[in-house]
Structures are given as structure tokens and as C-alpha cells.
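Residues per chain are reported as follows:
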Amino acid sequence: MLKLPQLRGPTWLLALTALGSLAGCSKAVVLNPAGDVAAQQGQMVITATLLMLIIIVPVIALTLLFAWKYRQGNTEAEYDPEWHHSTTLELVIWTVPLLIIIALGAITWIGTHKLDPYRPLDRIDAQRAVPADVKPLEVQVVAMDWKWLFFYPEQGIATVNEVAAPVDRPILFKLTATSTMNAFYVPDLAGMIYAMPGMQTELNAVINKPGVFKGMSSHYSGAGFSGMTFKFHGLSNEDFAQWVQKAKTEGKPLDKGTYLNLVKPSERDPVQRFASVEEGLYDKVLNRCVEDGKMCMHHMMAIDAQGGDAYVRAMGLNLPQDVCTVQNAAQVVAALESRNAPASTSGASIRQ
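Residues numbered from 1 in each chain as written. Predicted model: local features only at pLDDT ≥ 70, side-chain atom pairs only at ≥ 80, totals over all residues. Heavy atoms only, no water.

Moving on to the overall build of the protein chain. Helices and strands together make up the secondary structure of the protein chain, namely 9 helices and 12 strands. Within the protein chain, buried positions represent 34% of all 352 residues. Restricting to contacts in the protein chain with at least 6 residues of sequence separation, those with at least 24 account for 66%. Of the roughly 21400 Å² of accessible surface on the protein chain, a fraction of 62% belongs to carbon and sulfur atoms. (Helix = DSSP H or I, 4+ residues; strand = E, 2+ residues; numbered from the N terminus. Buried < 20%, exposed > 50% of the residue type's maximum accessible area, 1.4 Å probe, protein only. Contact = heavy atoms within 4.5 Å. Areas by Shrake-Rupley, 256 points an atom, 1.4 Å probe, with all protein chains shown as cover.)

If you want it as C-alpha cells, here you go:
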């Protein structure tokens, strides 16, 4: 039988080797990202950790000290069986944690408002503010089963499982999903943001270094979840223009029929590029009305806001309860828009 002293050396050596291997393999992206928003979030993690260590380190040190000082057989340790209270000790025990909690609360409050994903960026990095004449690059994101579709409305292109942006240019992501809730996450860029069917979320971010960075789905969404990854390219303005031109040259048109084939569940899809996008396709995806015969959600909500079925009947339309044909949808939408036309001119229109 092996003796414990014989195992101590090799065991500690093995543990140190394992820790060294983990440290060498890990890039610690969260603490050393390529984007300013992610960098600020990483700094908050470091600050919060250091504040908590103000308590953790002394507690661990005192635990070891007390265990050694009051060990069995140590006759030199002072023993007072009547001791029951120390005002100084109570003040330290309660005041220090309270101050740390107040500091953590203040940092969290300020940080969560400053780094609100919906808030437009006010700086490129710690040294540079966003120029007043710079327009954010808009990227419309659709989470599918199990791939990512990216629309570039300004450039008129779309891609699958590949996204790019110029370095130091603010990016505005608008996100939705086709069937299940998902989460868009590029660790080098910013924190994760949910994408949900029939809803649109937003994320403002910027990339400060050129390179190729990993993007992923950080919310389990079914069988193909593990392969739902993409590449994010940080490019110079010239390289980004070439990337857009490559999509326009090599890609095919993305129309409603192509989208309906693309939206079918598939796993580990290769990168695809589309040279053009059918007008209003992203809005139809967002409002869940790409297929023929479906009324868009924003039209349906506008009808509900006017009174729903009672409003439809008051307008002289006989809309089926469970089926909305293309003809019925056009009638109801046309009636709704004609009724709201005077209100729109007066500045009182329904927000869709």
C-alpha cells in the first residue's frame, strides 16, 4: 500500500502542471477583448472581484491563523471561556462588508446604465469619443435553427454565419429570431443579447482591433445548438468595402422563396452570401409574415388597438377568426391605414 508522503510531491506537481496547461490554453477573452464595450464589462468584473477580495483574503488568512494558533496542544494560546463580545470586532465585521456592498451597488448601477445595450455609443475607446458625423453600421440579425442570418440594409447584402464590420465604427445590431429564443454573443465585442421571435432587441458595440473573432449562440436552442457559431471579422474600411463587394459579386439574390428554404432547420451550415435582399424582408421576418396568407404582427396589433373583431366588423369586413387570407389581410390593412390617415397628418398615429 502506498504511503501518503510518497504521493504528496507527484500530486502537487500534477496539479500545478494542470493549472499551467489551463492558463496557457485560455485566452481570457472576457478580460482582454478587442472591443471597447466588452473591455468596460471586463473591467467591471475585475473591480467587483477586487472589492470582494477585501473580505475573502483576510477571512482565509485569519482562518488559517486561528487554526494554527489554537491548535490542539498549543499551551501558549490565550484561552478566555468568559469572552462573549467585542465592540471593535463587531464594527469591523459589519462595517467593512456594508461599505463593500454599497460600492458594488454603485458600480453596478452606473455600469448597467452606461453599458445598456440599447444606448448609442458615446466613445470609440477610452481615449476617443464618437465623432458627431459618424453613422453606426446597422446589422439586422436573425437567429434560425441552427444558423445566423445577417442583413446589411445600407449595403443591400446578406450573409449566413459570417458578419463583418469596420474597425472603430459603431455598430447597431437589431436582432430577432424565427422560432425559439436564442442569444447572440461575440465575447470580444460585447455582452450577450437575446433574440426572440416576433420581437426586436438591440445591441450597440464597436470593435477596436482587426482580426477574426468567434461568435456563438449562448442559449440552448435544440439539437444543432453546438454548431450554431459564426465568424466576426474586424476589418479596415478598405477591407470591409472589398468584403461587401465580394458578397455582391459572388452571392445570389435573397428573396422570399430563398428565405423560406433557408429557414428550414439545418446544422453546421457553411458561409453563404447574398448579393441582394428583397425589399422589406427583414421586417416580414420580424413580424412573422413571410409566408403568403399571414397578416403581419404589427398590423394585427394595430387592429387589436382599435378594438379587434368589433373594429373589423364596424368597418364592414368579415374576417375569419382562425384564417387570414392574403385578400382579407389586404382589406383590413387598407381599411386601417385609411382610417388612421387623418390622425397621422395631425401627428397622432399608432406606433407599430
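Quick look at unusual backbone geometry now. Cis geometry is found at the peptide bond from Asp-145 to Trp-146, where omega equals -5°. Tracing the backbone through its elements, the reader meets Trp-146 in the loop between strand S1 (137-143) and strand S2 (148-152). At Arg-268, a residue that is not glycine, the phi angle is positive and equals roughly 50°. One non-glycine residue with positive phi stands out, namely Arg-288, at about 55°.

Time to look at the sheet that holds strand S4 (residues 162-166). Across the sheet, 5 strands lie side by side as S4-S10-S9-S6-S7; this open sheet has mixed pairing. Of all strands in the sheet, those bounded by a partner on one side alone are S4 and strand S7 (193-195). Strand after strand, the sheet turns through a mean of 25° between neighbouring axes, direction not considered. One ladder, built from 3 bridges, connects strand S6 (residues 182-185) with S7; its direction is antiparallel. From the neighbouring strand, Phe-184 faces S7, where its bridge partner is Ile-193. Each of S4 and strand S10 (229-235) touches helix H4 (residues 237-250); the most contacted strand, S4, lies at about 145° to it. (Pairing = 2+ DSSP bridges. Axes fitted to C-alpha atoms, helices over the stretch in contact; angles between N-to-C directions.)

With that settled, the discussion passes to the environment of Leu-137. Secondary-structure assignment places Leu-137 in strand S1. For the pair Leu-137 and Pro-170, spaced 33 residues apart in sequence, the C-alpha separation works out to 6.3 Å.

Strand order in this open sheet of 7 strands is S8-S5-S1-S2-S3-S12-S11, and the pairing throughout is mixed. The sheet is open, and its two borders are formed by strand S8 (201-205) and strand S11 (252-254), each paired with just one other strand. Along the sheet, successive strands turn relative to each other by an average axial angle of 30°, direction set aside. Summarising the sheet, S2 and strand S3 (residues 157-160) pair through 4 bridges and their orientation is antiparallel. Considered in S3, the bridge of Tyr-152 is made with Ile-157. Together, S1, S2, S3, S11 and strand S12 (272-277) form the strand contacts of H4, whose direction differs from that of S12 by roughly 80°.

A separate point is the packing of aromatic side chains. Summed over the entire model, instances satisfying the criterion amount to 12 aromatic pairs. Ring geometry for Phe-240 and Trp-243: centres 5.9 Å apart, planes at 20°, overall stacked. Pair noted here: Phe-240 and Trp-243 are both in helix H4, with a separation of 3 residues, about one helical turn. Since its relative accessible area comes to 8%, Trp-243 is described here as buried. (Phe/Tyr/Trp six-rings, centres within 6.5 Å; stacked < 30°, edge-to-face > 60°.)

A cluster of nonpolar side chains, contributed by Val-30, Leu-31, Val-45, Ile-46, Leu-50, Met-52, Leu-53, Ile-56, Val-57, Ile-60 and Leu-64, occupies part of the molecular surface with about 940 Å² of accessible area. For Leu-53, a relative accessible area of 34% translates into the label partly exposed. (Patch = residues over 30% accessible without salt bridge, like charges linked within 9 Å, V, L, I, M, F, W, Y side chains within 5 Å. Salt bridge = Lys/Arg side-chain N within 4 Å of Asp/Glu carboxyl O.)

Time to look at the UniProt feature "transmembrane region" (unreviewed entry) in the protein chain. Taking the UniProt record as the reference, the feature "transmembrane region" (unreviewed entry) is found at residues 44-68 and 89-111. Split by type, residues 89-111 is 100% helix and 0% strand. Its first and last C-alpha atoms lie 33 Å apart. (UniProt positions renumbered as here; feature names shortened; annotations may be inferred.)

The next point concerns the pairing of S6. Along S6, one buried face is formed by Asn-182 and Phe-184 and the opposite face, lined by Ala-183 and Tyr-185, is buried too. One ladder, built from 2 bridges, connects S6 with strand S9 (residues 211-217); its direction is antiparallel. Its bridge partner lying in S9, Phe-184 is registered against Ser-217.

The residue Ala-48 is located in helix H2 (residues 36-69) in this model. Along the primary structure Ala-48 and Leu-104 are separated by 56 residues, whereas in three dimensions their C-alpha atoms are 6.5 Å apart.

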